Amino acid sequence: MPEGHTLHRLARLHQKRYKGQGVRVSSPQGRFAESAAMVDGHTFTGASAWGKHLFHHYRGGRIIHVHLGLYGRFDEFAVAVDEPPPDPVGQVRMRIVGADYGTDLRGPTACEVVDEAQVSDILARLGPDPLRCDADPAPAWKRLNRSRRPVGALLMDQTVIAGVGNVYRSELLYRHQMDPFRLGTNIEPGEFHAMWTDLVALMKVGVRRGQIVTVRPEDDHGAPSYRTGRPRTYVYRRALEPCRICGTPVSTAVLEGRNLFWCPTCQS
């Protein structure tokens, strides 16, 4: 599932491509046709993101809310002058066409037209987003420290922190040498704030570079375990491979329905 940095990159891209334009919005698949007609031809006024949620804002107050889920994605295409856009391929839920670019949305968990009140309801269910300049970590700390769930589960809970997925969860805990099964009630304030500060920095790198980068330069030795198609990470998706620091085989387990990765030595 795309993590928060991906949605913020999409918001920036869509704002750059379509802001101020009267865009054409359709649903080649048909499932979003009635809602698409509500904004078709309206001026695209901006795009924003909160955690894993993307919002397209249109003049008149209508907003398209998108949650990509596990399988959703946007595919961009160029629009040539005096030529029709390319035919859609596959099940395109929503197509947006502007002056120079278009984009096709496939396979989202959510794609719906909402108003400001509904957006407020969505945001009220989410924790602070580390990528927003107005993010306040205090509510996240309060929810985490009052819970007897493992910190490895709490970091993935979007009501605690919005935008963290499996990669940032596993890597952040490794970087702070924290046992993922440690209970939220046992986390110290200084530990949480160190993780929050690190998470903000890591996710900003993700937005800037378009990929998750978590391995510190001094630990990035181009080890043999950096195989084609495998992530350059400390522990994520490296089950049974040697820890980059201590050599202990990386452990994995299912925690609340998601695969967790950690080093039993460094994070003991």
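Residues numbered from 1 in each chain as written. Predicted model: local features only at pLDDT ≥ 70, side-chain atom pairs only at ≥ 80, totals over all residues. Heavy atoms only, no water.

1. Comments concerning the overall build of the protein chain
Put simply, the test is: Numbering of helices and strands runs from the N terminus; a helix is a DSSP stretch of H or I covering at least four residues, while a strand is a stretch of E covering at least two. For the radius of gyration, the atoms used are the C-alpha atoms, and the globule rule reads 2.2 Å times the number of residues raised to 0.38. Residue burial is assigned from relative accessible area. The probe radius is 1.4 Å, only protein chains are included, and a residue is buried under 20% of its type maximum, exposed over 50%, and partly exposed in between. Residues are treated as being in contact if the distance between any of their heavy atoms lies within 4.5 Å. Per-residue accessibility takes into account occlusion by the displayed protein chains alone, with areas from the Shrake-Rupley method and a 1.4 Å probe. Charge counting treats Lys and Arg as positive and Asp and Glu as negative, with His and both chain ends excluded. Think of each charge as sitting on NZ of Lys, CZ of Arg, CG of Asp or CD of Glu.
Helices and strands together make up the secondary structure of the protein chain, namely seven helices and ten strands. Relative to the globule expectation of 18 Å for 268 residues, the C-alpha radius of gyration of the protein chain, 20 Å, shows essentially globular dimensions. Going through the 268 residues of the protein chain one by one, you find that 50% of them count as buried. Intrachain contacts of the protein chain at a sequence separation of at least 6 include 59% that bridge at least 24 residues. Of the roughly 12,900 Å² that the protein chain leaves accessible, carbon and sulfur atoms contribute 50%. The protein chain carries 35 positive and 28 negative side-chain charges, and their two centres are separated by 3 Å.

2. Observations regarding the packing of aromatic side chains
The condition is simple: Under the pairing criterion, centres of Phe, Tyr and Trp rings, with the six-membered ring standing for Trp, must be within 6.5 Å; the plane angle then separates stacked pairs below 30 degrees from edge-to-face pairs above 60, leaving the rest tilted. Counted as over-ring charges are cases with an Arg CZ or a Lys NZ within 6 Å of the ring centre that also lie within 35 degrees of the ring normal.
Under the defined criterion, the tally for this structure stands at seven aromatic pairs. Relative to Trp-262, the ring of Phe-181 has its centre 5.2 Å away and its plane inclined at 80°; by these criteria the two rings are edge-to-face. Here Trp-262 lies in strand E10 (residues 258-262) and Phe-181 lies in the loop between helix H6 (166-175) and helix H7 (189-209), a separation of 81 residues in the sequence. Using a relative accessible area of 13% as the deciding quantity, one classes Trp-262 as buried. What links up through ring pairs into an aromatic cluster is the set Tyr-18, Phe-44 and Tyr-58. A cation over a ring is seen here: Arg-17 above Tyr-101, with NZ or CZ 3.7 Å from the ring centre.

3. Digging into the sheet that holds strand E6 (residues 92-97)
The test is simple: A pair of strands is considered paired only if DSSP assigns at least 2 bridges between the two. Angles run from 0 to 180 degrees between N-to-C directions of axes, and those axes are lines fitted to C-alpha atoms, restricted for helices to the stretch in contact.
Taken in spatial order, the four strands line up as E1-E6-E7-E5 in an open sheet, and their pairing is antiparallel. The two strands at the open ends of the sheet, each matched to only one other strand, are strand E1 (24-26) and strand E5 (73-78). The mean inter-strand angle of the sheet, taken between neighbouring strand axes irrespective of direction, is 15°. Both E6 and strand E7 (residues 101-106) contribute to a ladder of five bridges, which runs antiparallel. Directly across from Arg-95, in E7, lies its bridge partner Asp-104. Sitting on the sheet, helix H1 (residues 4-18) touches E5, E6 and E7, and the angle it makes with E7 is about 140°.

4. Considerations on H7
Each turn of an α-helix holds 3.6 residues, which means side chains three or four residues apart point in the same direction. Put simply, the test is: Working rule for helices: expected span equals 1.5 Å times residues minus one.
An ideal rise of 1.5 Å per residue puts 30 Å on 21 residues; H7 measures up with 30 Å between its terminal C-alpha atoms. Taken as a whole, H7 has its buried residues at Phe-192, Met-195, Trp-196, Asp-198, Leu-199, Val-200, Leu-202, Met-203, Val-205, Gly-206 and Val-207. Buried residues belonging to H7 abut H1, helix H4 (138-145) and H6. Just downstream of H7, Gly-210 is the residue with a positive phi angle, here 75°.

5. Comments concerning the packing of H6 against H7
What counts, and what does not: Angles are sorted into four bins: roughly parallel if under 35 degrees, roughly antiparallel if over 145, roughly perpendicular if 65 to 115, and oblique for all others. Take the far helix as your reference; a near helix turned counterclockwise from it by less than a right angle gives a left-handed crossing, and one turned clockwise gives a right-handed crossing. Ten residue types, Ala, Val, Leu, Ile, Met, Phe, Trp, Tyr, Cys and Pro, are classed as nonpolar, four, Asp, Glu, Lys and Arg, as charged, and the remainder, Gly among them, as polar.
In the contact formed by H6 and H7, the axes pass within 11 Å of each other and the chain directions differ by 130°. With respect to their mutual orientation, H6 and H7 come out oblique. Helix-helix and strand crossings are classified by hand; for H6 and H7 the assignment is right-handed. Where H6 abuts H7, its residues Tyr-168, Leu-172, Leu-173 and Arg-175 lie against Met-195, Asp-198, Leu-199, Leu-202, Met-203 and Gly-206. By residue class, the composition of the contact of H6 with H7 is seven nonpolar, one polar and two charged.

6. Observations regarding the sheet that holds strand E3 (residues 53-58)
The antiparallel open sheet is built from four strands, whose spatial order is E2-E3-E4-E8. The open sheet has two free edges, formed respectively by strand E2 (44-50) and strand E8 (110-114), since each of these has just one partner strand. Neighbour to neighbour, the strand axes of the sheet diverge by 20° on average, direction disregarded. Sheet topology places E3 next to strand E4 (residues 63-67); five bridges connect them, and they run antiparallel. Its bridge partner being in E4, Phe-55 is matched across the sheet by His-65. Each of E2 and E3 is contacted by H1, which is oriented at about 175° to E2, the strand it contacts most.

7. A short note on the pattern of salt bridges
Note the cut-off: Salt bridge, as used here: a side-chain nitrogen of Lys or Arg that lies within 4 Å of a carboxyl oxygen of Asp or Glu.
Counted under the stated rule, the structure contains 13 salt bridges. Of the charged contacts, one joins Glu-76 and Arg-17 as a salt bridge, the two residues approaching to 2.9 Å between their closest N and O atoms. A residue pair is termed long-range when its members are at least 10 positions apart, and Glu-76 in strand E5 and Arg-17 in helix H1 qualify at 59 residues. A salt bridge links Arg-132 to Asp-134, with the nearest nitrogen and oxygen atoms 3.4 Å apart. Look at the salt bridges and you will find they share partners, linking Arg-73, Asp-75, Arg-95, Asp-104 and Arg-106 into a network.

8. Re the domain arrangement of the protein chain
Short version of the rule: By convention here, the domain bounds are inherited from an automatic or database domain assignment. Summed over both partners, the accessible surface that disappears when two parts come together, traced with a 1.4 Å probe, is what is meant by buried area. Distance and chemistry together define a polar contact, namely a pair of N or O atoms within 3.5 Å, with one atom able to donate a hydrogen and the other to accept it when in protein, and with adjacent residues in sequence counting only for side-chain atoms on both sides.
One can read the domain layout of the protein chain as domain 1 (4-125) and domain 2 (137-262). Look at where the C-alpha atoms of domain 1 and domain 2 centre, and you get two points 30 Å apart. Across the boundary between the two partners, domain 1 contributes nine residues, which contact 15 residues of domain 2. Between domain 1 and domain 2, roughly 850 Å² of surface is buried when both sides are summed, and carbon and sulfur atoms account for 61% of that area. Three residues, His-5, Arg-9 and Lys-52, lead the burial of domain 1 against domain 2; their summed loss comes to 59% of the area buried on that side. Where domain 1 touches domain 2, the interface holds zero salt bridges. Our count for the contact surface shared by domain 1 and domain 2 stands at two residue pairs in polar contact (both at pLDDT 80 or more). The element contributing the most residues to the side of domain 1 that touches domain 2 is H1, with five residues.

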